[in-house]
Amino acid sequence: MKLSRCSWGNSKNPLYQKYHDKEWGKLNLDSTYLYEMLVLESFQSGLSWETILNKRGNFRKAFANFDYHKVAEFNQHDFERLMQDKGIVRNRLKINAAINNAKILVKLEKENRTFEDFLAEFIPKPIMHHPQKMEDIPASDGLSTQISKEMKKLGFKFVGPVTVYSFLQAVGLINDHLENCSFKNGGR
């Protein structure tokens, strides 16, 4: 049986195909994964997702395997180390945001609230869109705008509505696999 993918998932890059087939749109609310996707999506802003996927292993090493408890403890020395790391995107604002956002996640936990709890306030169960064409998938919507505003109120950085929408897709809270995609219900 021939698999059908969303057009962007037909890349010749196996990392891109694997991401499309195994992760994108598939619900994963593991706290480490949520932080990883938040970091990667914020670093993707203004760049291609393929660029970020190709550097994902380097990001994992640079950001303590996305253990946000460890990243929340990063200091100026760690920041300078990241700014010199050619394996990641060396953007001062994005690196600061990744460290800041780890601190916000730890702060939420100290208040007996998880990032998953926060997200569930807006999306209690995954949203299934399954549009007919890629053009029907928005870059952002009212929900991502609302979540973005609330995240900013909590102190998160680099979380505009487009980044938040992409993040929600990445962790499977919004499933925008096309109607004819073999992976629209989590794959085979």
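See the structure printed just above.
These numbers were taken from a predicted model, which means no experiment stands behind them.

### Considerations on the overall build of the chain
Then step 1. In terms of regular secondary structure, the chain is built from 10 helices and two strands.
Then step 2. For the chain, the succession of helices and strands along the chain, N to C, is α-α-α-α-α-α-α-α-β-α-α-β.
Then step 3. Relative to its length of 188 residues, the chain is compact, with a C-alpha radius of gyration of 16 Å against a globular reference of 16 Å.
Then step 4. Counting across all 188 residues of the chain, residues that qualify as buried make up 48%.
Then step 5. Long-range pairs, those at least 24 residues apart, make up 68% of the contacts in the chain between residues at least 6 apart in sequence.
Then step 6. Entry remark: accessible area of the chain is about 9600 Å², with carbon and sulfur atoms responsible for 50%.
Then step 7. Between the mean site of the 28 positive side-chain charges and the mean site of the 22 negative ones, the chain shows a separation of 5 Å.

### Description of the packing of aromatic side chains
Then step 1. Enumeration over the complete set of coordinates arrives at 14 aromatic pairs.
Then step 2. Taken together, a centroid distance of 6.5 Å and an interplanar angle of 20° make the contact between Phe 63 and Phe 74 stacked. Within this pair, whereas Phe 63 is found in the loop between α4 (56–62) and α5 (68–71), its partner Phe 74 is found in the loop between α5 and α6 (76–84), the two being separated by 11 residues in sequence.
Then step 3. A ring pair is formed by Phe 118 and Phe 122, whose centres lie 5.2 Å apart and whose planes are at 65°; its orientation type is edge-to-face. With Phe 118 and Phe 122 both in helix α8 (residues 115–122) and four residues apart, the pair spans about one turn of that helix.
Then step 4. An aromatic cluster is defined as three or more aromatic residues linked by ring pairs; in this entry it consists of Trp 8, Tyr 16, Tyr 19, Trp 24 and Trp 49.
Then step 5. Arg 81 extends its terminal NZ or CZ atom over the ring of Phe 74, reaching a point 5.3 Å from the ring centre.

### Let's talk about the layout of surface pockets
Then step 1. Quantified by volume, the largest pocket comes out at close to 360 Å³.
Then step 2. Lining the largest pocket are 17 residues, and of these Trp 24, Glu 41, Gln 44, Ser 166 and Gln 169 lie nearest its centre.
Then step 3. Only α1 (14–22), α2 (31–44) and α10 (161–170) provide two or more residues apiece to the lining of the largest pocket.
Then step 4. Per-element tally for the lining of the largest pocket: the top contributor is α10, with five residues.
Then step 5. Of the residues belonging to the lining of the largest pocket, the class tally is 11 nonpolar, five polar and one charged.

### Thoughts on empty space enclosed by the protein
Then step 1. For the structure on display, the rule yields two cavities of 30 Å³ or more.
Then step 2. Its boundaries defined by the atoms lining it, the largest cavity holds a volume of some 50 Å³.
Then step 3. Along its surface, the largest cavity is lined by Ser 31, Tyr 68, Leu 105, Glu 109, Arg 113, Thr 114 and Phe 115.

### Quick notes on unusual backbone geometry
Negative phi is the rule for most residues except glycine; trans is the rule for most peptide bonds.
Then step 1. Within the chain, Ala 64 stands out as a residue other than glycine whose phi angle is a positive 50°.
Then step 2. The topology assignment puts Ala 64 in the loop between α4 and α5.
Then step 3. Here the phi dihedral of Asn 65 falls at roughly 55°; this positive angle occurs in a residue that is not glycine.
Then step 4. Residue Asn 65 is classed as exposed on the basis of its relative accessible area, which comes to 53%.

### Concerning the side chain of Gln 44
Then step 1. By the secondary structure assignment, Gln 44 is in helix α2.
Then step 2. With near-sequence residues (within four places) excluded, Gln 44 lies in contact with Trp 49, Ile 52 and Lys 94.

### What about the pattern of salt bridges?
Then step 1. Per the stated rule, a full pass over the model turns up 10 salt bridges.
Then step 2. Arg 56 is the salt-bridge partner of Glu 36, the closest N and O atoms lying 2.8 Å from each other. Placement of the pair is Glu 36 in helix α2 and Arg 56 in helix α4, with a sequence separation of 20 residues.
Then step 3. For Arg 56, a relative accessible area of 11% corresponds to the buried category.
Then step 4. Notably, a salt bridge pairs Glu 150 with Lys 153, separated by 3.2 Å at the nearest N-O pair. A residue pair is termed a helical-turn pair when its members lie 3 or 4 positions apart in one helix, as Glu 150 and Lys 153 do in helix α9 (residues 142–154) at three residues.
Then step 5. On the basis of relative accessible area, Glu 150 is assigned to the partly exposed category, the value being 28%.
Then step 6. Looking at Lys 153, the relative accessible area reads 65%, which means it is exposed.

The rules behind each value
- Residues numbered from 1 in each chain as written.
- Predicted model: local features only at pLDDT ≥ 70, side-chain atom pairs only at ≥ 80, totals over all residues.
- Heavy atoms only, no water.
- Helix = DSSP H or I, 4+ residues; strand = E, 2+ residues; numbered from the N terminus.
- Rg over C-alpha atoms; globule rule 2.2 N^0.38 Å.
- Buried < 20%, exposed > 50% of the residue type's maximum accessible area, 1.4 Å probe, protein only.
- Contact = heavy atoms within 4.5 Å.
- Areas by Shrake-Rupley, 256 points an atom, 1.4 Å probe, with all protein chains shown as cover.
- Lys, Arg positive; Asp, Glu negative; His and termini not counted.
- Charge placed at Lys NZ, Arg CZ, Asp CG, Glu CD.
- Phe/Tyr/Trp six-rings, centres within 6.5 Å; stacked < 30°, edge-to-face > 60°.
- Lys NZ or Arg CZ within 6 Å of the ring centre and 35° of its normal.
- 1 Å grid on protein atoms, 1.4 Å probe; cavity = no way out; pocket = protein on both sides within 12 Å on 5 of 7 lines; lining within 4 Å.
- Points joined across faces, edges and corners; volume = space filled by probe spheres on them.
- Nonpolar A, V, L, I, M, F, W, Y, C, P; charged D, E, K, R; others polar.
- Salt bridge = Lys/Arg side-chain N within 4 Å of Asp/Glu carboxyl O.

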